[in-house]
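# Structural characterization, general
Below, each chain spelled out in residue letters.
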Amino acid sequence: MGLEEDTMILNKMSELILSEMPKAEYSSIFNDFVESEFFLIDGDSLLVTCICEKSLKKGQELHFFYLVERYLVDLISKGGQFAIIFFKDAEYAYFNFPELLSVRTALILHLQHNSTIDVRTQFSGCLSQEWENFLEESYPYFLIVADEGLNQLQTHLFNFLIIQSWAMKVNAVLSSGQTPDILRLYAYFMPSKYNNQMFLKQNKKKIENAYKALIEQLKECRVSAFKPFFGNLRWNNMMEEAYETISLLKQLWPEGSDIRRVLCVTSCSLSLRMYHHFLENRKKTISDQKTNIQQLLAAPACHRQRFSARLLYFIQVEKNCLSLQVMEDLCKLHCLSVVFRLHLPLSQRACTRVITSHWIKDIQTFLNMKNCCDYFILNNINIFEFWNLNLIHLCDLNDELLLKNIAFYYENENDQGLHLNLGNAIMKDYEYLWNAVSELVREFDVGKPFPLRTTKLNFLKKNPLPIKDTSKEKMPNLGFIPVSSELVDMFVGDILKDLPFLKRDDPIVTSLAKHKEFDELVHWHSHRPLSDDYDRTKCQYDEKSRDPYYLRNVQKYHVFQRFYGSSLESVSSKIIVTQDVKPKKNSEPKSKKANVTKAEIIARENKKRLFVKEEQKEENKWNVLSYSIKEEMKENLNSGIQSLEDFLKSCKSNLVKYQVEMVGLTACLKAWKEHCRSQEEGETTKDLSIAVQMMKRIHSLLEKYPEHLQEQDLQLIARCLKYLGFDELAGSLYPTQVAEDGIKEKKKKKYSVGIGPVRFQLQYMGHYLIRNERKDPDPRVPDFIPDTWQRELLDVVDNNESAVIVAPTSSGKTYASYYCMEKVLKESNEGVVVYVAPTNALVNQVAATVQNRYTKNMPNGECLCGVFTREYRRDALNCQVLITVPACLEILLLAPHRQKWVKRIRYVIFDEVHCLGGEIGAEIWEHVLVMVRCPFLALSATISNPEHLTEWLQSVKWYWKHADSIIEENIASKRNVGNRANFHKDYFQMKQSYKVRLVLYGERYNDLEKHICSVKHDDIYFDHFHPCAALTTDHIERYGFPCDLVLSPRETIQLYDTMFEFWEGWPRAQELCPENFIHFKNKIVIKKMDARKYEESLKTELTNWIKNGNVEEAKMVLRNLRSTPVSSSENMIKMFPLLVEKLRKMEKLPALFFLFKLGTVEQSARAVSTFLKMKQERERPPKADKEAHDMANKLRKVKKSIEKQKIIDEKSQKKPRKVDKSLIYEAEHNNLLKNLEKNLEIPQEFSYADQKAVDAEILQMVFDRVKFTRKGADLKALAERGIGYHHRCLNAKEKQQMSGRAGRRGQDLLGDVYFFDIPLPKIEKLIKSNVPKLRGQFPFSISLVLRLMLLASKGDDPEDAKAKVLSVLKHSLLSFKQPRIMEMLKLYFLFSLQFLVKEGYLDQEGNPMGFAGLAAHLHYHEPSNLVFVSFLVRGLFHNLCQPTQKGSKCFSQDVMEKLVLVLANLFGRRYLPAKFQDTTVKFYQSKVFLEDLPEDFNAALHEYNMQVTKDFASFLQIVSKLADMKQEYQLPLSKINFTGEECEDSQLVSHLMSCKEGRVAISPFVCLSGNSDGDLLQPGTPKHVILHTIGINHSQAPLLWPERFDGQGRRMPLNAYALDFYKHGSLIGLVQDNRMNEGDAYELLKDFSLTIQSISVSLRELCENEEDNVVLAFEQLSKTFREKLNKV
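Residues numbered from 1 in each chain as written. Predicted model: local features only at pLDDT ≥ 70, side-chain atom pairs only at ≥ 80, totals over all residues. Heavy atoms only, no water.

### Some remarks on the overall build of the protein
Where we set the bar: Going along the chain from the N terminus, every DSSP run of H or I of four or more residues is numbered as a helix, and every run of E of two or more is numbered as a strand. Here, two residues are considered to be in contact whenever any of their heavy atoms come within 4.5 Å of each other.
The secondary structure content of the protein amounts to 64 helices and 25 strands. Considering only contacts in the protein between residues 6 or more positions apart, those separated by 24 or more positions represent 79%.

See below:
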């Protein structure tokens, strides 16, 4: 029964994991805030993944360690912080694989001793309590784990680890199927969901029992695996034998040694002793055989079978056992191989011959025994603690290929008369090792070192081709096709002379005419220019249409945009009038005393009169409202103060504001006195909110209106201060104030707040503290007083300079953008400002804001604001302010025939420029940044290396300065000969400044405070989280305080109090006491900057504690600041509505909720809506539903009556009574409708919507906008309850971006950040994380090079086009200040040209030809775009697309499905984890796994791939000259060096290491497994095979392999979502069967549909035959697919 239960639970675990695999998101596990995320790697998963790597051969340990280190270095270089875990129980899984036992032990020791990586080996198993404790303390973001082991038992172990991780809320990332690029690592991410978490809890006992049973089974495997090697010796006996051997060696070599020598002699001696013991046992066995035979004969028939089996086993042992001398010979060869490794550098070892023969069975058995002995020795390594043992070369303990080489030589070549010397050094070292083995084997004589072979047995099996001949692996001819182009010469001319080029008569060069043949065959014009992406983007409204319907829609659109814009900011619209801008002459600035014109005097007088009039108007307004506000303050101070502050916001007169503040202060003083008097005797707690309001009024009066204060005002303020208990401040303000002011000494205590003025302001008024804002207005911005740093931005724009602006969210950096827009709008009607935003949502938001802010009378056909995204465009090229995304701006900049419009651009604003380091589209940001010739503003809140970014952009600007000067000279020369056409339009552009400023500002407008949500007794509670609680003393000592870790004033006070409490003898306690702090001394008004100085002083002091030896006190401070929230096992999604409700009660709504699991976004929104509905249902009157039902029925009857009455009225119009009857019906209808709406309306308490925010008409306008969108009805229903949702806004790790949105500038003085369902350790890591550095992506692709060549060749302005192209080529962020990378990119550019010329996209002058336009159109999908054209040219689509009957224009369903199958293999590639193929789940609608391409397409793809692979291999051989071979001979992580002088005095070494050809482009470590350059021609060559310092690999080749295999060699199937949807048309089917998220599926299908549409349009434009079958088939498919998609 127990076994059945264990098997059942193991199967359930497997099924659960398999069911989650296809839902796993294949995405980057390193996003923008990877530095904050600690994760774990399961060491055994790492081992299994690397050991299964196809390039690795068995026994090549140095190659294996290279793979491990390359992987780990890749993680570290991407910012990963991780620990590697090796469980003790996991070791049992390797006893069936003895060769891996020692490898695992060596790997652990190597990482511990030769790297700084955190390696944990203390945990017994993944279900142990100490492991659970570790996860709770460290809370890793994810665990990298394998989904399949070396056998089923190990797979079960991995399954236990995944299930346990999920239960602990740790996500799982599969080690298989990972793909790296320069910045990211893409992997299958399997999140810990609530159901997965509950699986272990619900089956805990069963899982624990199954785990124990599995471990017992593995232990039994250990016994059975060891028995053939060690007979009756037990595990402990072997450990003792190993210990004894090591002890003997320590006596023999007291001076110490290297691990390779030590393991060699100890393992050989232990192996020989064990084999000797084995043979002795065998003798005893043979002597007992007669007895066995007699027992067999005498035994009953039922027992004979068992005895005969035993007898056969013993006879087999006797027959197969080799002599001890044979094993001694093998050990000698092994010792010699170790000496080779000791003496030969990697450069020589990499040239080892590849022996293909395998060991004979008995030799393999002995080697397995020796591997076990290696394991026992390494497990006793700890006894070398006080001995000089060098552990550096733990990574190089075995080289089986080298051993085979030596064995092959001695048993074949040497035996046939080839006698080669070893060399003196090698011979001496070999003798030294073998003599040590002799000393350690005391039971018998192992013989002398020479001869190495004393027996005749062949260790290797006979093989007709025992040595792999790598010379037969034909590599393609090295050489580039010559391309004669000025652009090519300008970019790569400096390296061309050093490169091999093919001759003009080379067969490769003479066979370049495919497309021409195709054109003639099918009457196509592949060279015909295509419409560009701008033309094809859906136009929302036709700008030229005069259709009334269109005009009405345009009008509605503008009305909605202005409404939307006004909802985003309360800024009144401004009318822009164009001003004539004349060129400035270089003259002296005008004197300030220059004559003032009469017009200026009149304007000044008018302004004064207007000011007086406005002030009088404000005063009258106050006189009207003052009585009601005063009365309201008497009734309810808080409510009255709110009304008073509302008036202050709208008031423009400082004099009136001063009067209002004085009224408020008087009311506050009166309220405070009444409050204090009303307190009962002994009551000490006061309502300090009144005191806060009083101090707030004092702050305002003293800081904002000092010029209006009279003596009696100062006297009142001093009196207020005295009532609060701040006597010293009162005296400093008004010294003549005497005691007879009505406050007697004994009553002071009654009125005092009880704490000092500084502490009071910091603790209770922190968010009210006045910011250091300038008071002097800037005439450039009349409605706003900018800060100093904002004025610098205005100067940047005025001077036509560029700037990188880094400032926190809500600090006001975007203001410069609007000033820039206004400046360009005023200059002329021609200049354009382009605003680049990262997402469509932000594009819509900015567009609405611009339309609301500005109005301008534009010439006919022109407009102020336009939008261009991939989905739609509106007024994009006839506007002055274009809002777009980077990809669309790139389209315009690279479009050959859009240059005239591009020249109109005066400024480009890049918002959220940190996307330059993002996961998707980063290279596009680079391209547009380097292509814009005009000045730019680059805005961001989160860049940690802005200096580097600015320096790079400045280098780009210097390039443009030089390029523009050349272009200007050419224009001038043309002008001199009479051509003045372009001068006026380019005038502004030429007068720009080329300076790039860096503007940094670090202060937020409002404070942020963090809170942790806890669940107690089914309710939500909040604990304040002090930011310093996230730190440790180690972190502060190593890194200091994070630059963005800012404290609110009350948190600063909390820090001081805690420091004071935990160090009684703190010397600076009084100096840093808030009341004594130097910047607070005698200040009535403490400002924000004063509080910041105090905060910095405390941080510095705490850092000094740590540096000066007071670490324990500092630890106590940090520990005491930490809150201890209650963690909950509840389903937190269910608790989410309670969180929202709690925030409503605390008046913290509106709020933004960031959820990191895409699937829970809609789910959470619906959960909140359901919560409100149920709450409403519970409190709804019992009869309300019946009343609503009755009214609805009556309404229907009245409607029918009205309709009947209309018919009657039409027949007899002259009967007044009938008309009266229709009026009665209408009145009844309206009354019923009104009552029904009232009955069904949502009461305010059951909705989070502010019903006063917008009126019903505007709300209906919003609802009309979403009516026809996906899930429009759901969105409307949610909006009616004040709930909305939006997908894909921010990344899970963008903590600064998310928290920055808390606290709306101008509305909230304090922002609150709540952490919900995020464990404390993760919160701490998020708080102390730093903003990531921007690093460049690989900047080029084949399609980009093609698009650049199209621009250079076809551009309307050749000089401008060439300058843009060169800017892109020369200025990648990746190659900035990296000349080696720049040279590599130049070579890659040449490879791209070679490919494009060979495939017929370019001629040998670099001019586009063939299907260049089509391939460029589909550039989003490289390399699929290139493969598609290849199929088209081969005529495969013409063969496929045959109509149902001759002359028909319709195609059968079968043809359409085959076409979709081909396109899905090209443009719908979404892989599933390989393991998912093992699933037994039934699929209902979908096939799920995509079929292979049809046979003819597959053959064509293979031909294409092989050609590209040959070219790329040739390219890699050329580029390999850039490799840093010093680094290539080092292990990447441990930096262990394998260089050295080559051994030249050994003939044997020269003979064995003779394969020097064909090992140019691949890593020397990889060569150890017999790999050569020929392997570069194999499908799916792994990245690590290629020399890593050249910075390029197969991912940069335009290859599309039909099959992809993961690291363990398993095929990864493609998801058939596109074909499945085409067949059944159901999104739900894709969710259920294909395991896709609904939103993801829709976006992918939309993208697939757009691709088909783009192909269809392109083919129609290229083909002159209107009835071409391919064109018609694609048009039919495009229409059908779009219709199916529209239905969902």
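### A closer look at the nonpolar core
Selection rule: Note on terminology: a nonpolar core comprises buried Ala, Val, Leu, Ile, Met, Phe, Trp, Tyr and Cys residues joined through side-chain atoms within 4.5 Å. Think of it in three bands: residues with accessible area under 20% of the maximum for their type are buried, residues over 50% are exposed, and the middle band is partly exposed, with areas taken using a 1.4 Å probe on protein chains only.
Within the largest apolar cluster, 402 residues are counted, with the highest numbers of intra-cluster contacts made by Leu72, Phe340, Phe910, Leu937 and Phe1431. With residues up to four places along the chain from it excluded, the contact list for Phe910 reads Val836, Leu889, Trp925, Val928, Leu929, Val932, Phe936, Leu937, Ala938 and Leu939. Formed by 51 residues, the second largest nonpolar core is a distinct cluster that contains Val663, Ala667, Met694 and Leu716.

### Thoughts on the environment of Cys1450
Note on placement: Cys1450 falls in the loop between helix 55 (1436–1440) and helix 56 (1453–1467). Not counting chain neighbours up to four residues away, the residues in contact with Cys1450 comprise Pro1443, Thr1444 and Gln1676.

### Some details on helix 21 (residues 548–568)
Each turn of an α-helix holds 3.6 residues, which means side chains three or four residues apart point in the same direction. Cut-off, in case you're wondering: Expected helix span is taken as 1.5 Å per residue step, with the number of steps being one fewer than the number of residues.
With 21 residues, helix 21 ought to run about 30 Å at 1.5 Å a step, and its terminal C-alpha atoms sit 30 Å apart, in line with that. Among all positions in helix 21, only Asn553, Tyr557, Phe560, Gln561, Phe563 and Gly565 are buried. The inward-facing, buried residues of helix 21 abut helix 32 (840–853), strand 16 (873–874) and helix 46 (1256–1266).

### Some remarks on helix 64 (residues 1669–1687)
Note the following rule: In protein, a polar contact requires one atom able to donate a hydrogen and another able to accept it; more generally it is a pair of N or O atoms within 3.5 Å, and residues adjacent in sequence count only if both atoms are side-chain atoms.
Here helix 64 spans 27 Å end to end across 19 residues, near enough to the 27 Å set by a 1.5 Å rise per residue. Every buried residue of helix 64 is listed here: Val1670, Val1671, Leu1672, Ala1673, Phe1674, Leu1677, Ser1678, Phe1681 and Leu1685. The elements touched by buried residues of helix 64 are helix 54 (1424–1433), helix 55, helix 56, helix 61 (1617–1624) and helix 63 (1638–1662). The distance from a side-chain oxygen at the start of helix 64 to the backbone nitrogen of Val1670 is 3.0 Å, and the residue carrying that oxygen is Asp1668.

### Here's the deal with the pattern of salt bridges
Note the following rule: Every case where a carboxyl oxygen of Asp or Glu lies within 4 Å of a side-chain nitrogen of Lys or Arg is listed as a salt bridge.
Tallying each qualifying case throughout the model produces 78 salt bridges. Its salt-bridge partner being Asp778, residue Arg780 comes within 2.9 Å of it at the nearest N-O pair. Exposure remark for Arg780: the relative accessible area of 26% places this residue in the partly exposed category. Two residues, Arg1660 and Glu1675, come together in a salt bridge whose shortest N-O distance is 2.9 Å. You can see Arg1660 sitting in helix 63 and its partner Glu1675 sitting in helix 64, a full 15 residues away along the chain. A residue is classified by how much of its surface remains accessible, and Arg1660, at 26% relative accessible area, is partly exposed. Here the salt bridges do not stand alone but share partners, grouping Asp147, Glu148, Lys1475, Asp1478, Asp1606 and Arg1610 into one network.

### Quick look at the environment of Lys461
Within the fold, Lys461 resides in the loop between helix 17 (424–440) and helix 18 (486–496). For Lys461, a relative accessible area of 45% corresponds to the partly exposed category. When the C-alpha atoms of Lys461 and Ile360 are compared, they prove to be 5.5 Å apart, with 101 residues separating the residues in sequence. Once residues lying within four places of it in the same chain are set aside, the contact partners of Lys461 are Ser357, His358, Trp359 and Ile360.

### Here we look at the environment of Asp1317
Mapping Asp1317 onto the fold places it in the loop between strand 23 (1310–1315) and helix 49 (1320–1328). Each C-alpha atom, one on Asp1317 and one on Ile1133, is 9.0 Å from the other, the two residues being 184 residues apart in sequence. Among residues more than four places away in sequence, those in contact with Asp1317 are Lys169 and Met1132.

### Considerations on the pairing of strand 5 (residues 142–145)
On a regular strand, each side chain points to the face opposite its neighbour's, so the side chains alternate between the two faces of the sheet. Keep this limit in mind: Strand pairing follows a simple DSSP-based rule, namely that at least 2 bridges must link the two strands. Seen with its strands pointing away from the viewer, a crossover is right-handed if its path from the first strand over the helix to the second goes clockwise.
Residues Phe142 and Ile144 of strand 5 are buried on one face, and the alternating residues Leu143 and Val145, pointing to the opposite face, are buried as well. Direction of pairing for strand 2 (residues 38–42) relative to strand 5: parallel, over a ladder of two bridges. The residue of strand 5 that forms the bridge with Ile41 is Ile144. When strand 5 meets strand 6 (residues 171–174), the two strands line up parallel, connected through four bridges. Of the residues in strand 6, the one forming a bridge with Val145 is Leu174. Between the parallel pair strand 5 and strand 6, the chain is carried across by helix 6 (residues 152–167), and the sense of this crossover is right-handed.

### Let's talk about the packing of helix 54 against helix 56
Think of two packed helices as two axes; the pair is described by the angle between the axes and how far apart they sit. Convention followed: In this analysis an axis means a line fitted to C-alpha atoms, helices contributing only their contacting stretch, and an angle means the value between N-to-C directions, from 0 to 180 degrees. Classes in brief: Ala, Val, Leu, Ile, Met, Phe, Trp, Tyr, Cys and Pro nonpolar; Asp, Glu, Lys and Arg charged; the others, Gly included, polar.
Following both chains from N to C, one finds helix 54 and helix 56 inclined at 145 degrees, their axes separated by 9 Å at the closest point. Facing Ser1424, Asn1425, Val1427, Phe1428 and Phe1431 of helix 54, the residues of helix 56 in contact are Val1462, Leu1463, Leu1466 and Phe1467. A class-by-class count of the residues in the contact of helix 54 with helix 56 yields seven nonpolar, two polar and no charged.

### Observations regarding the sheet that holds strand 23
Reading across the sheet, the three strands line up as 22-21-23 and stay open at both edges, with mixed pairing between neighbours. Edge positions in the open sheet fall to strand 22 (1019–1025) and strand 23, since each of these has one partner strand only. On average, adjacent strands in this sheet sit at an angle of 35 degrees to one another, irrespective of strand direction. Across seven bridges, the pairing between strand 21 (residues 1007–1016) and strand 22 is antiparallel.

### Some details on the sheet that holds strand 13 (residues 832–836)
The strand order across the open sheet formed by eight strands is 16-15-17-13-18-19-12-20, and the pairing between neighbours is mixed. The sheet is open, and its two edges are formed by strand 16 and strand 20 (996–1000), each paired on a single side. Bridge count for strand 15 (residues 863–868) against strand 17 (residues 879–884) is five bridges, and the pairing is parallel. Opposite Cys863, over in strand 17, you have Cys879 as the bridge partner.

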